[in-house]
Amino acid sequence: MVSARMLIIGAGVNGSVCAVDLYNAGNDVTVLARGKRYEEVRDEGIVIEDPFKNKRRVAKVPVINHLDPDDLYDFVLVVVRKNQVADLLTVLAHNRSPNVVFMGNNLSGPGDFTSVLGKHRVMIGAVYAAGKRDGSIIRAITVKWFGVPLGEVDGKITPRLKRLVGIFRQAGIKARTSTEIVDFQKTHAAVVALLAKLIIKHGCDTSALARSTEDLRLFLHARREAHQVLRALGHRIIPWSEVVFGLVPDCLQVAALRALLNSKLGKVGAGWHCSQAPDEMRQLGLEFQALVDQTSLPAPAVRKVLGDC
């Protein structure tokens, strides 16, 4: 059995789901949370409710509210909003844990992380849950089937990466090694930034966006431009399904998007997150605007979607 001593920084939707899955698999897991959330996890444990199945699970995962320099973990998973990461870097720099895995949306790349922690400590990953925090309850679904990518900044397949993937798989999470994790993050976050901006425009009501054919078509144009921007900066579009979907006729793409946004999956996976994390969505918009400005591409649809971030 593969196991490890792990710290999960962040007890929101993704941090909570990840902590419970890894804890229930027999790992020595601790969560770092602050303020009221620390008290909730300390007193009640982590409570997760599946809004599809209406099933609830509770795990008494150990929780701390600060990280000391000598607190040593095999892996530290940073599972917070992108705009919250900068405040954690100094704390992480003073800690001796060798492997820090940044999981989440990121358009600016790992440079900010490696410049503070060193390339040898930084790893990158994706999250696999979606939902919202409702008081002390996490209402979330998990998307374990798509293959959670985990990787090194330089794309190498290292022993520590294989160990981390093994730990995730032991917990029932379909993790996989990725040699292109940075490109994956940029591709995914670019789409998130654009779609989130339109969802927020419609009051975080995904069904309202689904009714706007004009905005759905605008999103398709903006996504194509986003791919052009990333390619112009030397990045690949990952995963391949992003490229394939872009080859489908617009009318079919609009129909597929409309169906998704009208579904409960769309509401939970996109609408709920945008309603609770507009600050992160704004941060991603700013990061993507910075990438566009690095190229000579006009990207009118992208600029129209992002507007004044």
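So, here is what we can say about the structure in this document. (Residues numbered from 1 in each chain as written. Predicted model: local features only at pLDDT ≥ 70, side-chain atom pairs only at ≥ 80, totals over all residues. Heavy atoms only, no water.)

## Thoughts on the sheet that holds strand E9 (residues 129-134)
Worth spelling out the cut-off: Two strands are counted as paired when DSSP detects at least two bridges linking them. Only runs of H or I of at least four residues qualify as helices and only runs of E of at least two qualify as strands under DSSP, and these elements are numbered from the N terminus. For helices, the fitted line uses only the C-alpha atoms of the stretch in contact; every axis is such a line through C-alpha atoms, and the angle between N-to-C directions lies from 0 to 180 degrees. By definition in these notes, contact holds between two residues if any of their heavy atoms fall within 4.5 Å.
One open sheet accounts for four strands, arranged E4-E3-E10-E9; its pairing is mixed. Each having just a single partner strand, strand E4 (55-59) and E9 make up the two edges of the open sheet. Direction aside, the axes of adjacent strands within the sheet are offset by 25° on average. Both E9 and strand E10 (residues 137-142) contribute to a ladder of six bridges, which runs antiparallel. In the sheet register, Gly131 faces E10, and the bridge partner there is Ala140. Strands strand E3 (46-50), E4, E9 and E10 of the sheet are contacted by helix H2 (residues 35-44), whose axis makes an angle of about 90° with E3.

## Description of the packing of aromatic side chains
Condition: Aromatic rings from Phe, Tyr and Trp, with only the six-membered ring used for Trp, were paired whenever their centres fell within 6.5 Å, and each pair was classed as stacked if the ring planes differed by under 30 degrees, edge-to-face if by over 60, and tilted otherwise. Three exposure classes are used, based on accessible area relative to the maximum for each residue type with a 1.4 Å probe and protein chains only: buried under 20%, partly exposed in between, and exposed over 50%. Counting as a charge over the ring demands two things of the Lys NZ or Arg CZ atom: a distance within 6 Å of the ring centre and an angle within 35 degrees of the ring normal.
Under the counting rule described, the total for this entry stands at one aromatic pair. Relative to Phe113, the ring of Phe102 has its centre 3.9 Å away and its plane inclined at 10°; by these criteria the two rings are stacked. Of this pair, Phe102 sits in strand E7 (residues 100-103) while Phe113 sits in helix H4 (residues 111-117), and the two are 11 residues apart along the sequence. Owing to a relative accessible area of 4%, Phe102 belongs among the buried residues under this scheme. According to the relative accessible area criterion, Phe113 is buried, its value standing at 4%. The positively charged end of Lys132 is found above the aromatic ring belonging to Trp272, 4.4 Å away from the centroid.

## Examining unusual backbone geometry
With omega at 10°, the peptide bond leading from Ile238 into Pro239 counts as cis. With phi around 55°, Asn54 is a residue other than glycine that occupies positive phi space. Of note, the phi angle at Ala299 is positive, near 45°, even though the residue is not glycine. Along the chain, Ala299 falls in the loop between helix H12 (278-293) and helix H13 (300-306).

## Remarks on the sheet that holds strand E6 (residues 75-78)
Here eight strands make up an open sheet; going across it, the order is E5-E2-E1-E6-E7-E8-E11-E12 and the pairing mixed. At either end of the open sheet lies a strand with only one pairing partner, and these are strand E5 (63-64) and strand E12 (175-178).

## Let's talk about the environment of Gln170
Locating Gln170 in the fold gives a position in helix H5 (residues 159-170). A sequence separation of 167 residues divides Gln170 from Ser3, and the C-alpha atoms of the two residues are 8.3 Å apart.

## Considerations on the environment of Arg139
Where we set the bar: Any N or O atom pair separated by 3.5 Å or less is treated as a polar contact, with the protein-specific requirement of one donor-capable and one acceptor-capable atom, and with residues adjacent in sequence counted only for side-chain atom pairs.
Counting through the fold element by element, Arg139 comes out in strand E10. Spatially, the C-alpha atom of Arg139 lies 13 Å from that of Lys264, the residues being 125 residues apart in sequence. Apart from the residues lying within four places of it in its own chain, the contact partners of Arg139 are Glu49, Pro51, Ala130, Gly131, Lys132, Asp134 and Trp272. Only 2.4 Å separates the side chain of Arg139 from the side chain of Glu49, close enough to count as a polar contact.

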